[in-house]
Amino acid sequence: MTLAGQRFTADDFRRRALNQSGAPIDEAWRDHGDHLLNPETILEVADLKLKDAAVLIGVIDDQDAPRVILTQRTATLRKHSGQISLPGGGIDDTDASPEEAALREAEEEIGLDPALVEPLARLPVYLAGSGFRIVPVLSLIKPGFSLKPNPDEVAEVFDVPLSFLMDPDNHRQESRMWQGRVRHIYAMPYGERYIWGITAGILRTLYERLYA
C-alpha cells in the first residue's frame, strides 16, 4: 500500500514504533533527517560536548485520526525563541531515563499528565548545533486530557495530523546560513504554522524510521 493510500491509526503507529526498520537506534543517528543533508557539519557537532535532552513525540490516541502535539515557544526564551517545538528539555540528574525527562518536561511546559502518556520507543538521537543531544521519545496520549501551557516557555499548544506530518510531499528541503556556512534543513509548513529546524528534522526521522 502506498503512503497516500494507507490508513493512519494509533494502533498502526504503536506497531510501527515498536518494530522500527533501519540500523539499531544507537548507530542510526547519522543516517536520518537533516543529518544526512549536512554530513560534515553533523560530524563536527558530534565532537562537541553536548547537553543531554529529551523531547516527547506525543501522538494523541484518536484511533482513526491520530495527531501530534506541538508547541509554539515564547519569544523571550534564550534559545529557539518563537519556534515550533516538541515538548521537552534537558535531562536532569534526577531523571531516571530520557522517557522520565520527556514526561517531566511535558508536564512542566504544557501541563500534560504523565499518567495519560504511554511511552513506546525512542528514535535515534538528534544532534543540535545549539548544543544538545536530543532523545526523541515516541508515545501515545490518551484522549480527554487537559493542557495548561507554562507562559514562561510556551506561547501556544496545538496539534497536527500524523498523516500530514508523515506525508513526504509536505517535507520541503531548504537552506540557510548558520555560523557562516550553508545549513540544509527540512520544513513542513502547516497552514499558518512553519515547522522547521530541529523539530522538522526529528519528524523527518520519524517518517524515515516508521513510514518510508
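Going by the annotation in an unreviewed UniProt entry, the name recorded for the protein is 8-oxo-dGTP pyrophosphatase MutT (NUDIX family), with Rhizobium halophytocola given as the source organism.

Participant: Just to check I follow, could you spell out the overall build of the protein for this structure?
Facilitator: Of the regular secondary structure elements, the protein holds 6 helices and 11 strands. For the protein, the C-alpha radius of gyration of 16 Å lies close to 17 Å, the compact-globule estimate for 212 residues. Projected onto the principal axes, the alpha-carbon positions of the protein cover approximately 45 × 45 × 35 Å. Each of the 212 residues in the protein was classed as buried or not, and the buried ones make up 49%. Residue pairs at least 24 apart in sequence account for 68% of intrachain contacts in the protein once pairs closer than 6 positions are excluded. Put simply, the protein shows about 10300 Å² of open surface, and 48% of that area lies on carbon and sulfur atoms. Averaged over its 23 positive side-chain charges, the protein has a centre that lies 3 Å from the centre of its 33 negative ones.

Participant: How should I be thinking about the nonpolar core in this particular structure?
Facilitator: Note that soluble globular proteins tend to have their nonpolar side chains buried in a common cluster. Of all hydrophobic cores here, the largest spans 37 residues; its most connected members are F13, L138, L165, I195, I202 and L206. Ranked by residue count, the leading element in this core is helix α6 (residues 197–210), at 7 residues. Ignoring anything within four residues of it in the chain, the contact list for L206 reads F13, I57, L123, L138, L162, M166 and Y211. Counting residues in each nonpolar core, the second largest holds 15 residues, with L56, I60, A102 and V137 among its members.

What counts, and where the lines are drawn
Residues numbered from 1 in each chain as written. Predicted model: local features only at pLDDT ≥ 70, side-chain atom pairs only at ≥ 80, totals over all residues. Heavy atoms only, no water. Helix = DSSP H or I, 4+ residues; strand = E, 2+ residues; numbered from the N terminus. Rg over C-alpha atoms; globule rule 2.2 N^0.38 Å. Buried < 20%, exposed > 50% of the residue type's maximum accessible area, 1.4 Å probe, protein only. Contact = heavy atoms within 4.5 Å. Areas by Shrake-Rupley, 256 points an atom, 1.4 Å probe, with all protein chains shown as cover. Lys, Arg positive; Asp, Glu negative; His and termini not counted. Charge placed at Lys NZ, Arg CZ, Asp CG, Glu CD. Core = buried A, V, L, I, M, F, W, Y, C linked by side-chain atoms within 4.5 Å.

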